[in-house]
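So the chains spell out like this:
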Amino acid sequence: EAAKELAVEAAGRGGTVLIDSSPLRVSNDPIDMLSAVDEVVLVVRAGRSTVRSLEDTMDLLQMHQAPVMGVVLIGTTGTHEMYAYYASYYHQATVADE
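A few points on the structure. (Residues numbered from 1 in each chain as written. Predicted model: local features only at pLDDT ≥ 70, side-chain atom pairs only at ≥ 80, totals over all residues. Heavy atoms only, no water.)

Turning our attention to the pairing of strand S2 (residues 68-74). In this sheet, S2 lies alongside strand S1 (residues 40-45) in parallel orientation, the contact comprising six bridges. Looking at S2, one finds that valine 40 is bridged to valine 68. With helix H3 (residues 51-63) bridging S1 and its parallel neighbour S2, the resulting β-α-β unit is right-handed. (Pairing = 2+ DSSP bridges. Helix = DSSP H or I, 4+ residues; strand = E, 2+ residues; numbered from the N terminus. Right-handed = clockwise from strand over helix to strand, strands pointing away.)

What follows is the structure, encoded as structure tokens:
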């Protein structure tokens, strides 16, 4: 309840408040905060979140009339390889400019 009051007070003063919570289906804390938020961003971990758990989570959010702004996918494979590719490309471009 104190966190909810703090978030409402900060938003009332014009602040942007981001709340990082535990997973919705793990504890009641995120559910209790839903009445104080304007939008929800759902974070999904690749390879760990199942279709069924996502469906259940979306059902829960709909039941509480939570406005879902979007979804962030984290933990995808191949990120390191893409970084290495662009880092190599950047290095080659920098050397060519010298």
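A contiguous nonpolar patch, built from Val41, Val43, Met69 and Val72 and spanning about 350 Å² of accessible area, is present on the exposed surface. For the nonpolar patch, the secondary structure elements donating two or more residues are S1 and S2. Tracing the backbone shows valine 41 in strand S1. (Patch = residues over 30% accessible without salt bridge, like charges linked within 9 Å, V, L, I, M, F, W, Y side chains within 5 Å. Areas by Shrake-Rupley, 256 points an atom, 1.4 Å probe, with all protein chains shown as cover. Salt bridge = Lys/Arg side-chain N within 4 Å of Asp/Glu carboxyl O.)

Counting residues in each nonpolar core, the largest one holds seven residues, listed as Leu24, Ile31, Leu34, Val40, Leu60, Leu61 and Ala66. In this structure leucine 60 touches Leu24, Arg25 and Ile31, once residues within four positions along its chain are discounted. (Core = buried A, V, L, I, M, F, W, Y, C linked by side-chain atoms within 4.5 Å. Buried < 20%, exposed > 50% of the residue type's maximum accessible area, 1.4 Å probe, protein only. Contact = heavy atoms within 4.5 Å.)

Where charged atoms from two side chains of opposite charge come close, those side chains can pair. Under the defined criterion, the tally for this structure stands at three salt bridges. Here arginine 13 and glutamate 9 are joined by a salt bridge, their closest N and O atoms 2.6 Å apart. Judged by its relative accessible area of 70%, arginine 13 falls in the exposed class. Judged by its relative accessible area of 40%, glutamate 9 is partly exposed. Across the pair arginine 52 and aspartate 56 runs a salt bridge, and its minimum N-O distance is 3.3 Å. Here the residue arginine 52 and the residue aspartate 56 both occupy positions in helix H3, the gap between them amounting to four residues, near one helical turn. Arginine 52 gets classed as exposed once you look at its relative accessible area, which sits at 54%. When salt bridges with common partners are traced through the structure, they connect Arg52, Glu55 and Asp56 into a single cluster.

Another point: unusual backbone geometry. A positive phi is found at glutamine 65, a non-glycine position, where the angle reads about 55°. Tracing the chain through its elements places glutamine 65 in the loop between H3 and S2.

For leucine 34, the location among the structural elements is in the loop between helix H2 (29-33) and S1. Accessibility expressed as a relative area gives 13% for leucine 34, which makes it buried. Through-space distance from the C-alpha of leucine 34 to that of glutamine 65 is 8.7 Å; in sequence the pair is 31 residues apart. Residue contacts for leucine 34: discarding those within four places in its chain leaves Val40, Leu61, His64 and Ala66.

Just geometry here; none of it tells us what the structure is for.
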